[in-house]
Amino acid sequence: MFKGKTILVTGATSGIGYKVCLDLLDAGAKIFAVGRNQDQLAALQKLQPENVQTLAFDLTQFTKYSETFASVPGLDGVVCSAGIADSNPLRFFSLEKYQRTVDINQTAPIALVAELARNRKLNAGASIVLLASIMGTKIGRNGGAAYAGTKAALTGFAKVMALELANKSIRVNCVSPGMVNTELADNQSEVSTEARQVDMQRYPLEKRYAEAAEVSSAIRFLLSNQSSFMTGENLVVDGGYCAQ
Ligand SMILES: NC(=O)c1ccc[n+]([C@@H]2O[C@H](COP(=O)([O-])OP(=O)(O)OC[C@H]3O[C@@H](n4cnc5c(N)ncnc54)[C@H](OP(=O)(O)O)[C@@H]3O)[C@@H](O)[C@H]2O)c1
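Structure report, in brief. In this text the structure is predicted, and so the values were computed from the model without any measurement. (Residues numbered from 1 in each chain as written. Predicted model: local features only at pLDDT ≥ 70, side-chain atom pairs only at ≥ 80, totals over all residues. Heavy atoms only, no water.)

### Structural notes on the overall build of the protein
The test is simple: Secondary structure is summarised from DSSP: a helix means a run of H or I of at least four residues, a strand means a run of E of at least two, and numbering begins at the N terminus for each. With C-alpha atoms as the basis for the radius of gyration, the globule rule is written as 2.2 Å multiplied by the number of residues raised to the power 0.38. Each residue's exposure class comes from its accessible area (1.4 Å probe, protein chains only) as a fraction of the maximum for that residue type: buried when under 20%, exposed when over 50%, partly exposed otherwise. Any pair of residues with heavy atoms lying within 4.5 Å of one another is described as a contacting pair. Calculation of accessible area relied on Shrake-Rupley with a 1.4 Å probe; when residues are assessed, cover is drawn exclusively from the protein chains displayed.
Across its full length, the protein holds 9 helices and 7 strands. Its C-alpha atoms give the protein a radius of gyration of 17 Å, within 12% of the compact-globule value 18 Å for 244 residues. With the C-alpha coordinates of the protein rotated into their principal frame, the extents come out at 45 × 40 × 40 Å. Here the protein holds 244 residues, and the buried ones make up 46% of them. Taking as baseline every contact in the protein between residues at least 6 positions apart, the subset at least 24 positions apart corresponds to 68%. A total of about 11,900 Å² of accessible surface is found on the protein, and carbon and sulfur atoms cover 51% of it.

Have a look at this one:
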């Protein structure tokens, strides 16, 4: 399905982004993998050296975008999966933490898509997928004001980008997962194992969190021609959590 297509994936070194890279390679795509962890990037490259290009880059270095992304080939797809989830409750609010979350989760995706669009790196018919979340777009959770704000912002960006890029048949959509079993979810140190077990019971489908593969398949749907008339949308993958 992705033979001859080149797709840039941020957050390629871990969790959802990593799984998307593996699945796209399996489906015949070439990938341009972006992350900071050089060992992980090298491991990815080793899998299919002829089909994987890597870029070790901190996506918050906005002033370096034009020189850094100049080497990117024409793209048929972009997946913006890089993100962080720092707890930042209002009573202990840290502006520094807030700004870091905004930089990576919110500013980086729009700056990247703008950079690629301005430099005509997006082929006609390309598809862009932004990783949002049910947090912010559907629900709130204590301590998550910054994170929720960034994810809600992405659904707004997707609508505007979809309109601005529609004349080249470039589509822009979000995927909003509930909790997914990845490092990001594991690293929420304020959540105890017991609390996590309780939280899983709130997921109607099988009382569990999603696996990265289940989010990756929604992302591949949006990258593919199977979703050729969908743009500016937000696809929820949450095992029925928000249906309650
Ligand atoms: N897991 C969940 O429960 C869940 C739920 C809803 C939405 N999401 C969203 O899905 C996306 C992927 O999450 P995940 O669970 O796969 O997270 P993850 O396993 O923690 O991976 C995060 C990725 O972001 C990259 N990253 C972080 N800061 C970066 C920076 N400054 N510059 C470049 N890359 C950076 C990391 O790369 P390096 O380590 O190499 O820098 C890593 O590849 C995120 O946007 C997240 O908000 C996740």
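### Examining the environment of Gly178
As for its placement among the helices and strands, Gly178 is situated in the loop between β6 (171-177) and α7 (183-186). We classify Gly178 as buried; its relative accessible area is 12%. Considering only alpha carbons, one finds Gly178 and Ile134, 44 residues apart in sequence, at a separation of 5.6 Å. Not counting the four nearest positions on each side in its chain, Gly178 is found in contact with Ile134, Tyr203, Val237 and Asp238.

### Re the site of the ligand
Threshold: Neighbouring residues are identified by heavy atoms, a residue being near a molecule or strand if any of them is within 4 Å of it. Under the rule applied, a polar contact is a pair of N or O atoms within 3.5 Å (in protein, one hydrogen donor and one hydrogen acceptor; residues adjacent in sequence only if both atoms are side-chain atoms). Residue polarity follows a fixed list, in which Ala, Val, Leu, Ile, Met, Phe, Trp, Tyr, Cys and Pro are nonpolar, Asp, Glu, Lys and Arg are charged, and the others, Gly among them, are polar.
Among the 29 residues in the neighbourhood of the ligand, the closest are listed as Thr13, Ser14, Arg36, Tyr147 and Thr182. Within the side chain of Asp58, one N or O atom sits 2.9 Å away from a nitrogen atom of the ligand. Grouping the amino acids of the shell around the ligand by side-chain chemistry returns 13 nonpolar, 12 polar and 4 charged.

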